Structure formats: C-alpha cells, structure tokens
Amino acid sequence: QKEVEQDPGPLSVPEGAIVSLNCTYSNSAFQYFMWYRQYSRKGPELLMYTYSSGNKEDGRFTAQVDKSSKYISLFIRDSQPSDSATYLCAMKRGSGGSNYKLTFGKGTLLTVNP
Amino acid sequence: DTEVTQTPKHLVMGMTNKKSLKCEQHMGHRAMYWYKQKAKKPPELMFVYSYEKLSINESVPSRFSPECPNSSLLNLHLHALQPEDSALYLCASSQEGDYGYTFGSGTRLTVV
C-alpha cells in the first residue's frame with residue numbers, strides 16, 4: 001500500500017462547478033498537510049497548509065483534514081478555467097531532521113471547461 | 001520578495017558536459033531543497049540543506065553534487081549525466097519549523 005493515494009483523474013468539470021479533490025494516507029505519523037497547484041511546465045504553487053483536523057478556508061479554496069480517517073480534501077468553489085492544472089496533495093511528519101521530506105500524492109489533473 | 005528563482009529555465013547538455021543549476025531565495029528561509037520531477041509524476045526529493053548543511057541525501061548518484069554557498073543560494077552541479085536524468089529540477093525553500101514549502105519554476109534539463 002502506497003503511503004499516499006490520490007486519484008490521478010483526469011477530472012473535467014464545467015465552469016462554476018464545485019470541485020472535490022481527495023487523498024488518503026496510511027502513515028499516522030503524518031501531521032502536516034499541503035495542497036499544491038501545478039500548471040504545465042511550472043513549479044508547484046502552495047495553495048493550502050494545514051495541521052489539525054478540521055477545515056481551513058482561503059477564498060474559493062477549502063482544505064479539510066480528517067486524521068481519524070486518514071483522509072484529506074480540497075474543495076474549489078465557483079471553479080474557473082484558470083483553475084485547470086494538476087493538484088498535488090503533500091504531507092510530512094513534523095519539523096527538522098528526516099521530517100523535512102514531503103510525501104506527495106500522484107496528482108489529479110483538473111480541467112475546467114468554459 | 002516571496003519567490004524562489006531558478007536559472008537557467010532550460011538546459012540541454014551532453015553526457016560528457018559539466019553544468020550547474022542555480023537557485024536563489026531572499027525570504028530568510030533556512031531550509032532549501034532539490035527535487036526532481038519526471039513528466040506526469042510527483043516531485044521526488046533529492047537533497048535537503050538546513051542552515052547551509054546537507055541534512056538529507058536521498059541516495060542520489062554522485063553525478064549530482066549539491067552545494068549551499070550561503071543561506072540564500074543553492075547550486076546543483078551536474079557531471080556525466082545520462083539521458084534518463086532528463087527531467088524538471090525544482091528548488092524549494094521553507095522556514096525552519098512547520099511551514100509549507102515554496103517552489104521555484106524549475107529548470108527543464110535535457111541530456112543528449
């Protein structure tokens with residue numbers, strides 16, 4: 001079983017739809033969770049960073065963490081064509097030492113159609 | 001300044017060449033990283049520098065040699081690469097502690 005599972009898609013939605021992206025993980029040592037957006041041929045851009053279970057909102061984006069189920073989600077409201085990109089979940093165990101390492105999901109390719 | 005700047009953006013090199021990738025950040029971050037990303041795959045960690053000291057080497061072949069001259073700069077020296085080393089090389093940085101990582105736009109490397 002991989003440490004982090006993410007459905008690679010592709011996912012295609014109409015403009016204005018609510019998008020739900022998800023990752024599951026098996027290592028209960030993961031404490032910090034991130035969502036990155038990566039446009040084609042560009043570096044990943046940090047969208048959300050969360051620690052505790054619960055919800056965190058930033059504009060049209062909401063990150064949700066359920067540590068008891070080992071499940072994280074990213075919701076995008078009122079999706080726009082400019083949201084078309086690959087979305088990567090990432091997580092790490094803590095700070096310092098070997099905990100610097102981010103473990104990524106495979107990424108989900110999202111297309112928002114006008 | 002909230003950016004990680006990588007140069008060059010594109011690089012084509014022969015298998016006998018020596019080249020270097022450069023990364024710069026002025027956010028005061030004390031941890032810096034090199035990642036390698038193949039097409040349609042997530043980034044893979046290569047090296048971590050913490051306070052200018054090599055903290056993690058993910059068993060990377062010696063043809064890749066990292067260097068951290070100061071707290072703002074990170075280099076990756078390349079020598080005798082193979083065609084399978086062609087990839088997007090990403091630099092990232094973070095504050096010490098529990099924070100997200102800021103990535104650069106990457107150097108797209110082609111080995112011929």
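Student: I'd like to hear about the sheet that holds strand 8 (residues 73–79) of chain B, residue by residue, with values.
Tutor: Residues and elements named next belong to chain B. Spatially, 1-3-8-7 is the arrangement adopted by the 4 strands of the open sheet, whose pairing is antiparallel. A single partner strand is all that each edge strand has here, and the edge strands are strand 1 (4–7) and strand 7 (64–70). Pairs of neighbouring strands in the sheet enclose a mean axial angle of 20°, with direction left out of account. Of the strand pairs in this sheet, strand 3 (residues 18–25) and strand 8 are connected by 7 bridges, and their pairing is antiparallel. Residue pairing in the sheet places Leu21 in a bridge with Leu76 of strand 8.

Student: How would you summarise the state of the cysteines if you had to cite specific residues and measurements?
Tutor: A full pass over the atoms with the stated rule returns 2 disulfides over all chains. At a sulfur-sulfur separation of 2.0 Å, the disulfide partner of Cys23 of chain A is Cys89 of chain A. Of note, the bridge from Cys23 of chain A to Cys89 of chain A carries an S-S torsion of about -100° and is left-handed in sense. Placement of the pair is Cys23 of chain A in strand 3 (residues 19–25) and Cys89 of chain A in strand 9 (residues 85–92), with a sequence separation of 66 residues. Across the disulfide from Cys23 of chain B sits Cys91 of chain B; the S-S distance is 1.9 Å. In this structure, the disulfide formed by Cys23 of chain B and Cys91 of chain B twists by about -70° around the S-S bond and is classed as left-handed. Of this pair, Cys23 of chain B sits in strand 3 while Cys91 of chain B sits in strand 9 (residues 87–94), and the two are 68 residues apart along the sequence. With no disulfide partner, Cys68 of chain B has as its closest neighbouring cysteine sulfur the one in Cys91 of chain B, 9.2 Å distant. What makes Cys68 of chain B buried here is its relative accessible area of 13%.

What counts and what doesn't
Residues numbered from 1 in each chain as written. Chains lettered and ligands numbered in written order. Predicted model: local features only at pLDDT ≥ 70, side-chain atom pairs only at ≥ 80, totals over all residues. Heavy atoms only, no water. Pairing = 2+ DSSP bridges. Helix = DSSP H or I, 4+ residues; strand = E, 2+ residues; numbered from the N terminus. Axes fitted to C-alpha atoms, helices over the stretch in contact; angles between N-to-C directions. Disulfide = S-S within 2.5 Å. Buried < 20%, exposed > 50% of the residue type's maximum accessible area, 1.4 Å probe, protein only.

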